[in-house]
Structures are given as C-alpha cells and as structure tokens.
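Summary of structural features
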Amino acid sequence: MDTKIGAVDSFQPTSNDMGCLPQNGVVSTIQISSVPSTAIVNSAEATLGRHIARRLVQIGATDVFSVPGDFNLTLLDHLIAEPGLNLIGCCNELNAGYAADGYARRRGVGACVVTFTVGGLSVLNAIAGAYSENLPLICIVGGPNTNDYGTNRILHHTIGLPDFSQELRCFQTVTCYQAVVTNLEDAHEQIDTAISTSLKESKPVYISISCNLPAIPHPTFSHEPVPFSLSPKLTNQMGLEAAVEATAEFLNKAVKPVMVGGPKLRVAKACEAFVELADASGYALAVMPSAKGLVPEQHPHFIGTYWGAVSTAFCAEIVESADAYLFAGPIFNDYSSVGYSLLLKKEKAIIVQPDRVVIANGPAFGCILMKDFLKALAKRLKRNITAYENYHRIYVPEGHPLKCEPKEALRVNILFEHIQKMLSGDTAVIAETGDSWFNCQKLKLPEGCGYEFQMQYGSIGWSVGATLGYAQAAPDKRVIACIGDGSFQVTAQDVSTMLRCEQKTIIFLINNGGYTIEVEIHDGPYNVIKNWNYTGLVDAIHNGEGKCWTTKVRCEEELIEAIETATGAKKDCLCFIEVIVHKDDTSKELLEWGSRVSAANSRPPNPQ
C-alpha cells in the first residue's frame, strides 16, 4: 500500500522520541496537514514560489530556516505569503542547516533556504551532517537569473568564473538528488521529484531556483499540489523466507544470544519491530551509542549501551561473551568501535541493515527490508533468556558520586546527577559533540523523553542550531541542551533566534576552558580557548527583548538553586546556565575512549 505524504494518516519513524508509540519502540510522525486538492481561484498565486511553500507545508515542514540574500528574496516573499508556513530567519547559514537537521529529527523532514554560493557553501557542512545521519532535508538555494546561464558573464557571490556549477558540484556528494530550476515548463516536475526523493531516500536534496522565477504564474501551478503517493520499497519474499530460516537456525543453536540496536533503525523504520523481536525472543537487549533513545530503556531486558571499552557497566561483558549477536542497523566506525577495539567476531554476528541481512561468514540476502525481517524472525526464534539472566547475576547497581562539601567546586558527575532528575516524558536531551556524548549516554531516559546527538559526523557546534530546530518542531517538550564552551563558540549566535521564537530551552553551558574531547585524543595549546563571559554574551543577545534568564554556577548549592529557578519561576523563559568546572574534570569514559582513538589515529603507515 502506498504511503501518501500529505494524508492525515501518514506516519514515519523519525525521532529518538519514545513517546510516539502506544507501547514500546520509537516512531515519530511526519506531522502533516491535509491540503485539499482544489483549483486556485487567484491566478496570481499560481506561482513557483507558492507551489514550493504549499509542498513544504504539506509534507510537514511548516517551519523553514533561512538566511536572506539577493538571489532568494523574491522566493522568501512567497514563502511568507503561505498561511501555514513560518519563515525563521537565522544568524548564519550553518545554523540554518543545523536547525533544519534538528527539526527533521523530530518532524521527519526539515527545510532551509539560503542564497547562491556564499549561502550554499556555508550551509554545506550542515547538509553533509544530515546526509550522514540519514535525515530528509530540503535545501533550497536562490540561484542566478535565468538570462545569465549560458553567457560569459561573471556574477557576484561566485569565485569569479562564468561557470555557475561550482555550488551544484559541491552538493552532488552530500545530497541524493539535485534540481536546478531555470525554466517554468519543468519546474513543477523537478521540485516534486526532489522533495519526494528526499522523503523516499531519507537524505537531503538540493533545489536551486533562479531568482526571477518564483513570482511568475504558470499553468502547472494552477491547482493545489496533489499529495505525494510514494511507492514503498518491497521485500523479496523468497529472500525473506530464506534469510529468516538461516538466521533462526543460527540463533536457535546459540546458548546465550544477544541483540544490539544501531542508528539505522530510524531510517529503516524498524524500531517497533526491533522491540517486538526482543519481546518474543527474550534476548538481552542493548543499543549502540548512536541509537540511544531509539529503543525504550524501560524494556525489561534492556542492559544499556554497547560501546566497547566505554559501555554501560556489565553490558560489554554480556555482548562480547555471547556466542551469537544480532546487530540491527549498526554503523561500525572508528568512534563507535572505540578505535577499532571491539571484541566481536564476524562468525558470531548477524548484521541486519535496512535492506540486507548478512549471516556470519556465510550467506547474504539482499532486497529484504529490516522491518519485515525482524517481524518474521520474531515468529521463528525460540525464547532464550540466558544472556539476560547472566547479566542479572553479575549486575551491581551503580554507585553515586561522592557528596560535595559545602561550596566545593562543582564536579561534572554531580551536574549530570541533577540533570537526570530533570528528565521526564515532557523533556528532550540534545548532547553536543564532546564529553557530553559520554555523560549524556549515562542518563536513563524516562518513557517519552527525546534524545538526539550527532555521532557519525560529529561536528562541534551542531547542537546550538539543532536545539533551535528541535525545540521549534516539538513545542510540547522542554529541550535540555548540554553544550561545551568550545562548541558553543562556533555557533552561539542563534541563541538570538531561540529568543525570537520564544523557546523555553534550558542550556547547560559546560565551561571547562577548551576542547576537552580533543585534549583526551591529542593535547596541545590549540585546545585551549579564550574564555568568554558566556552569561554576559547571552544577556547582550537578549537585549531586553524576549524572555531570557542567565546564571553562573560554581558549586552544587548554586546548581540546585539554578535548576529550581529554571523549572519554576523561569519555566517560561529560555534559561542559560553556565556551569564552571575544572579543565581536567572529564568522564572516565572519555579518558578511555580518547586514548584508544588516539592510538587508532597514530598508527604508522603500512610498509610499502
């Protein structure tokens, strides 16, 4: 059955938010408004610009993040004119792209609009990150006047050559489809193909619109856009039966099998099916770090995060000692494998990717959707709780950090002990690249609590824009962002946009004087940054406009007071809490992980 994008009943898994399922698993929806397919009475509205606006509203991207430039101004006029669309001006293109990324994680699709080349190349890094994380994102660029193509003219915002394809060539490697719209005859087809491809492939697309086209009426835009009907990918039934039979035989012979969820559960829309398999099989259940939040941590057989040497206590021992493990949607890179140090054996592994199953060193089966495979496998596995029983036997409850002396300098582990108490189904956590990766991994997510971070691409500064976008997409949640000082210095400006949008985010700015994650990989004077008066900066950005509250905390007593204020008297404000900690106060996991990644980075060249 086709998935109709635009229909009220269209659902797709898109977010690490566990509140979107009736029971277990993680599925969010592309929040779509129903758009009636009726003729447009006013022919002045039958324009390319209004068509794009209607399409964005229809697919659920009702907030669009933009930076104006002379090549996109007319297009922005038409986006503003669309009643259901909210245009959000960002401070720079990079943050606009990060905001669209964060928005897509919650809504299922995001969009940004920038200008030609200077804007396009600025947003490119964010688009690459969205590509790496399999997020549908519509990147629209205002392009040159149609009359300038094919001439020998040199335009501003270019590198001084009459070839205007530089921007397009850059985007070709980080988007799944590119459309350069330079005439109205095929504009409708190009735009719709680009947007539908993004939704089908769960990747960003690039659309360049010549600056003189958005305002011109054309017959192809004379009707409201008909909702997309996306043909679903189908499983090869013979291959599915063979793969399930081979996998069931492999796992049913195992003594203590386990299952581990990976980040591609999201793009495969298989979170619910994965939990169904866990329920049926009784296997011990873990997640890779970048899949945190995709699987409900309240599941009775959940044993934590599998991250090699920096796993949740007792989790790695159970996974790596298993005689069979099923990995659903894994990404094994140098970071997730802790410098390639995982103690896993290929001959014990079932690797299930979104459209492929590989069994140990043996057969591989293609054209099999992960969701279909996991559901079918759940009916064929013998129940086996041995691995979870082993975990239960060796498990020792976590201790608590040493209590602080009165007015003692605040420690990071005390900070996160208090952040843990703030979490509920009405909150969402955004973890910045850095030590927050490791500290936030240790948070136990209540049912419904959202969780996002960018592990594959790992771009510092991502979280400021992503927090803006996620909070805009989820007004029902209070976002708690954990951001290091080094990362904040990259993208700080768009706290301004959060205030303009009246967001109520709580930002914990962890001020330890530098790039701590890089210190633990390879130290040097370049990892020390100029200290800012961060609360003073945010106060200056606030400038008396909007609701904002800032404070600095240096000890536990001040932290407790700050959290009480942020969740009480200032709950309707954007709250910025600068937490001042020692430069060497890091998680033990970062110390271990950093040394192993450093060893991987410093391997000598292979002999020639």
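Residues numbered from 1 in each chain as written. Predicted model: local features only at pLDDT ≥ 70, side-chain atom pairs only at ≥ 80, totals over all residues. Heavy atoms only, no water.

Glancing now at the overall build of the protein chain. Helix and strand counts for the protein chain come out as 21 helices and 21 strands. For 608 residues, the compact-globule estimate of 2.2 N^0.38 gives 25 Å, and the C-alpha radius of gyration of the protein chain, at 25 Å, lies within 12% of that figure. When the backbone C-alpha atoms are referred to their principal axes, the protein chain occupies close to 70 × 65 × 60 Å. Here the protein chain, with 608 residues, has 58% of them falling under the buried criterion. (Helix = DSSP H or I, 4+ residues; strand = E, 2+ residues; numbered from the N terminus. Rg over C-alpha atoms; globule rule 2.2 N^0.38 Å. Buried < 20%, exposed > 50% of the residue type's maximum accessible area, 1.4 Å probe, protein only.)

The next thing to look at is the sheet that holds strand β5 (residues 137–143). One open sheet holds the six strands; their spatial order is β3-β2-β4-β5-β7-β6, and the pairing between them is parallel. In this open sheet, the two strands that pair with only one neighbour each are β3 (86–89) and β6 (178–181). Adjacent strand axes in the sheet meet at a mean angle of 20°, parallel and antiparallel pairs treated alike. Bridging between β6 and strand β7 (residues 204–210) involves four bridges; their strand directions are parallel. Note that in β7 the partner of Val181 across the bridge is Ile209. (Pairing = 2+ DSSP bridges. Axes fitted to C-alpha atoms, helices over the stretch in contact; angles between N-to-C directions.)

Before going further, it helps to examine the UniProt feature "domain: Thiamine pyrophosphate enzyme TPP-binding" (unreviewed entry) in the protein chain. As recorded in UniProt, the sites labelled "domain: Thiamine pyrophosphate enzyme TPP-binding" (unreviewed entry) are residues 454–579. End C-alpha atoms of residues 454–579 are separated by 22 Å, and the span's content is 41% helix alongside 20% strand. (UniProt positions renumbered as here; feature names shortened; annotations may be inferred.)

Moving on, we get to the environment of Thr497. Note that Thr497 resides in helix α17 (residues 495–500). Residue classification places Thr497 among the buried positions, given a relative accessible area of 2%. With 409 residues separating them along the chain, Thr497 and Ile88 place their C-alpha atoms 7.9 Å apart. Contact partners of Thr497, with chain neighbours within four places excluded, come to Ile88, Gly89, Cys90, Cys91 and Leu468. (Contact = heavy atoms within 4.5 Å.)

Take the pattern of salt bridges next. The final tally for this structure, using the stated rule, is 21 salt bridges. The salt bridge involving Lys552 is made with Glu578; its shortest N-O contact spans 2.7 Å. Remark: Glu578 occurs in strand β21 (residues 574–580) and Lys552 occurs in strand β20 (residues 548–553); sequence separation between them is 26 residues. Classification of Lys552 as partly exposed rests on a relative accessible area of 26%. For Glu578, a relative accessible area of 1% translates into the label buried. Note that Lys588 and Glu589 form a salt bridge whose closest N and O atoms lie 3.7 Å from each other. For Lys588, a relative accessible area of 61% translates into the label exposed. (Salt bridge = Lys/Arg side-chain N within 4 Å of Asp/Glu carboxyl O.)

Read from one edge to the other, the open sheet built from six strands follows the order β17-β16-β18-β19-β21-β20, with strand pairing classed as parallel. Of all the strands in the sheet, the pair left with one neighbour each is β17 (450–453) and β20. This sheet shows a mean twist of 15° between the axes of neighbouring strands, independent of strand direction. As judged from the five bridges shared by strand β18 (residues 478–484) and strand β19 (residues 506–511), these two strands associate in the parallel manner. Directly across from Cys482, in β19, lies its bridge partner Phe508. Packing of helix α19 (residues 534–542) onto the sheet brings it into contact with β19, β20 and β21, and relative to β20 it is tilted by some 170°.

Here we come to the packing of aromatic side chains. Considering all chains together, one arrives at 21 aromatic pairs under this definition. Measuring from centroid to centroid gives 6.0 Å for Phe488 and Tyr534, while their planes differ by 65°, and the two rings are edge-to-face. Residue Phe488 is found in helix α16 (residues 485–491), and its partner Tyr534 is found in helix α19; the two are separated by 46 residues along the sequence. Each member of the pair, Phe488 together with Tyr534, is buried. By way of ring pairs, the aromatic residues Trp307, Tyr335, Trp437, Phe438, Tyr451, Phe453 and Trp593 are connected into one cluster. Positioned over the ring face of Phe228 is Arg55, at 3.9 Å from the centre of the ring. Over the aromatic face of Tyr451 sits the side chain of Lys292, whose NZ or CZ is 5.6 Å from the ring centroid. (Phe/Tyr/Trp six-rings, centres within 6.5 Å; stacked < 30°, edge-to-face > 60°. Lys NZ or Arg CZ within 6 Å of the ring centre and 35° of its normal.)

We now examine the nonpolar core. Within the largest apolar cluster, 51 residues are counted, with the highest numbers of intra-cluster contacts made by Phe65, Ile127, Cys139, Phe171 and Phe488. Tallying contributions element by element places helix α15 (residues 462–473) first for this core, with seven residues. Structurally, this core is a two-domain feature, drawing no fewer than three residues from each of domain 1 (43–221) and domain 3 (412–594). In this structure Cys139 touches Cys112, Val123, Ile127, Phe171, Val205, Tyr206 and Ile207, once residues within four positions along its chain are discounted. Residues Met422, Leu443, Val553 and Ala566 belong to the second largest nonpolar core, which totals 44 residues. (Core = buried A, V, L, I, M, F, W, Y, C linked by side-chain atoms within 4.5 Å. Domains from an automatic or database assignment.)

Glancing now at unusual backbone geometry. With a phi close to 60°, His157 is a non-glycine residue in the positive phi region. If you trace the backbone, His157 turns up in the loop between β5 and α5 (166–172). Even without a glycine there, the phi angle at Asn543 is positive, about 55°. Topologically, Asn543 is positioned in the loop between α19 and β20.

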